[in-house]
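Here are the chains, one letter per residue:
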Amino acid sequence: MSESLDILIFGAHADDAEIGMGATIAKHTKSGLKVGLCDLTYAEMSSNGTVETRIEEAKRAASILGVKVRTNLGLPDRGLFATQANIERITQEIRKYKPRIVFAPYWQDRHPDHVACSGLVQEAVFNAKLRKYLPDSEPVNVEQMYFYFINDVYEADLMVDVTDCYDEKIAALSAYRSQFITGQGTVATPLNQGYIERVEARDRVLGQKRLLTYAEGFVSKLPLVVDRFV
């Protein structure tokens, strides 16, 4: 039986979560929370790197961020369609780890797989609580779902001050050498043309809104609840 997680983060590809919320992951694991990552695909359509290379890079990044578990569902890259089989796989992952909080990519992004991942995870979070859906596994009611930004940034509902954990984010992204660093045999892509620097600039700009050095932004479809304002 798998150990329950506090937080489970889904991405279409290894490196999606690190781009959007790598420092937030590090901040929560450092505080003792149990965080898991689930990549839906092996990113086999990537212009650079092999599946084997990307698996090893994902392991290194997960170790840097201190996550409890990293899994890969092996769904087809560029084939994340809203099929019953895909939704069931993700639902079972949620029921396996019973997270209190789930994160997924924001539902608007220039990469179609990020958009598809967002929709699939939303379907799975809803289905996970239904007693009569896949009745052989125990229902799980996720307390809260948040969305993180990858390529395209929209207005955030909340931000996390990640100044003290930003070095871990850069280190985790740098673990993906096949994606973000040019070398012999690589082809030019937006990812290896200063992408990490642009992510850092984005997180600086967001932080500036609250006079923070670095921040990562998130969206919630549900209103955020506070006991009182002061």
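Here the structure is a predicted model, which means the values were calculated and not measured. (Residues numbered from 1 in each chain as written. Predicted model: local features only at pLDDT ≥ 70, side-chain atom pairs only at ≥ 80, totals over all residues. Heavy atoms only, no water.)

Student: What exactly am I supposed to notice about the nonpolar core here?
Tutor: Ranked by size, the top nonpolar core spans 35 residues in total, and within it Ile9, Ile25, Phe103 and Tyr148 carry the most contacts. Setting aside residues no more than four positions away along its own chain, Phe103 makes contact with Ile7, Leu8, Ile9, Phe10, Met21, Tyr146, Tyr148 and Phe218. By size, the runner-up hydrophobic cluster in this structure holds 31 residues, among which are Leu8, Leu80, Ala104 and Ala124. (Core = buried A, V, L, I, M, F, W, Y, C linked by side-chain atoms within 4.5 Å. Buried < 20%, exposed > 50% of the residue type's maximum accessible area, 1.4 Å probe, protein only. Contact = heavy atoms within 4.5 Å.)

Student: Can you walk me through the pattern of salt bridges in this structure?
Tutor: Between side chains of opposite charge, a pair can form when the charged atoms approach closely. One pass over the structure, following the stated rule, counts 15 salt bridges. For Arg110, the salt bridge is made with Asp152, and the minimal N-O distance between the two is 2.9 Å. With Arg110 in the loop between β4 (101–105) and α4 (112–128) and Asp152 in the loop between β5 (144–148) and β6 (158–161), this pair connects stretches of sequence that are 42 residues apart. A residue is classified by how much of its surface remains accessible, and Arg110, at 53% relative accessible area, is exposed. Salt bridges here are not isolated pairs; linked through shared partners, they connect Lys169, Arg202, Asp203 and Glu216. (Salt bridge = Lys/Arg side-chain N within 4 Å of Asp/Glu carboxyl O. Helix = DSSP H or I, 4+ residues; strand = E, 2+ residues; numbered from the N terminus.)

Student: Can you help me understand the sheet that holds strand β7 (residues 215–219) in this one?
Tutor: Strands belonging to one sheet form pairs held by backbone hydrogen bonds; the direction of such a pair is parallel or antiparallel. A sheet is described by the order of its strands in space; here seven strands give the open sequence β3-β2-β1-β4-β5-β7-β6, paired in mixed fashion. In the strand order of this sheet, the two ends are held by β3 (69–75) and β6, each with one partner. Going from strand to strand, the sheet's axes swing by 25 degrees on average, the running direction of each strand aside. Where β6 lies against β7, four bridges are found, and the strand directions are antiparallel. When the sheet's bridge partners are listed, Met159 is paired in β7 with Gly217. Where helix α3 (residues 84–97) meets the sheet, its contacts fall on β1 (7–11), β2 (35–41) and β3, and the angle it forms with β3 comes to roughly 165 degrees. (Pairing = 2+ DSSP bridges. Axes fitted to C-alpha atoms, helices over the stretch in contact; angles between N-to-C directions.)

Student: Any chance you could explain the packing of helix α5 (residues 166–174) against helix α7 (residues 195–208) here in plain terms?
Tutor: Axes are the key here: two packed helices are described by the angle between their axes and the distance separating the axes. At their nearest, the axes of α5 and α7 sit 11 Å apart, and the two run at 155 degrees to each other. Considering the angle they form, α5 stands roughly antiparallel to α7. As α5 packs across α7, the resulting crossing turns out to be right-handed. Within the contact between the two elements, α5 uses Tyr166, Lys169, Ile170, Leu173 and Ser174 and α7 uses Ile196, Val199, Glu200, Arg202 and Asp203. (Parallel < 35°, antiparallel > 145°, perpendicular 65-115°, else oblique. Left-handed = near helix turned anticlockwise from the far one by under 90°.)

Student: Any chance you could explain α4 here in plain terms?
Tutor: The α-helix winds at 3.6 residues per turn, so residues separated by three or four positions along the chain end up facing the same way. In this model α4 runs 24 Å from its N-terminal to its C-terminal C-alpha over 17 residues, within 8% of the 24 Å that 1.5 Å per residue would give. Within the sequence span of α4, burial applies to Asp113, His114, Ala116, Cys117, Ser118, Leu120, Val121, Ala124, Val125, Asn127 and Ala128. Looking at the buried positions of α4, the neighbouring elements they touch are β1, α1 (16–30), β2, α3, β4 and β5. (Expected span 1.5 Å × (residues − 1).)

Student: Whenever I open this one, unusual backbone geometry confuses me. Can you help?
Tutor: Among all residues except glycine, the phi angle is most often negative; among peptide bonds, the trans geometry is most common. At Ala43, a residue that is not glycine, the phi angle is positive and equals roughly 55 degrees. Tracing the chain through its elements places Ala43 in the loop between β2 and α2 (51–65). A relative accessible area of 5% means that Ala43 is categorised as buried. Here Lys98, not a glycine, exhibits a phi torsion of approximately 50 degrees, which is positive. Mapped onto the elements of the fold, Lys98 is located in the loop between α3 and β4. Among the residues examined, Lys98 registers a relative accessible area of 25% and is labelled partly exposed.

Student: Can you help me understand the pairing of β5 in this one?
Tutor: Successive residues of a regular strand alternate their side chains across the two faces of the sheet. Burial runs high along β5: five of the five residues are buried. Neither face of β5 is open: one carries Gln144, Tyr146 and Tyr148, the other Met145 and Phe147, and all of them are buried. Pairing between β4 and β5: five bridges, direction parallel. Bridge pairing links Ile101 to Gln144 in β5. Tracing the backbone out of β4, into α4 and back to the parallel element β5 gives a crossover that is right-handed. Alignment of β5 against β7, held across two bridges, turns out to be antiparallel. Residue pairing for β7: Tyr148 is matched across the bridge by Phe218. (Right-handed = clockwise from strand over helix to strand, strands pointing away.)

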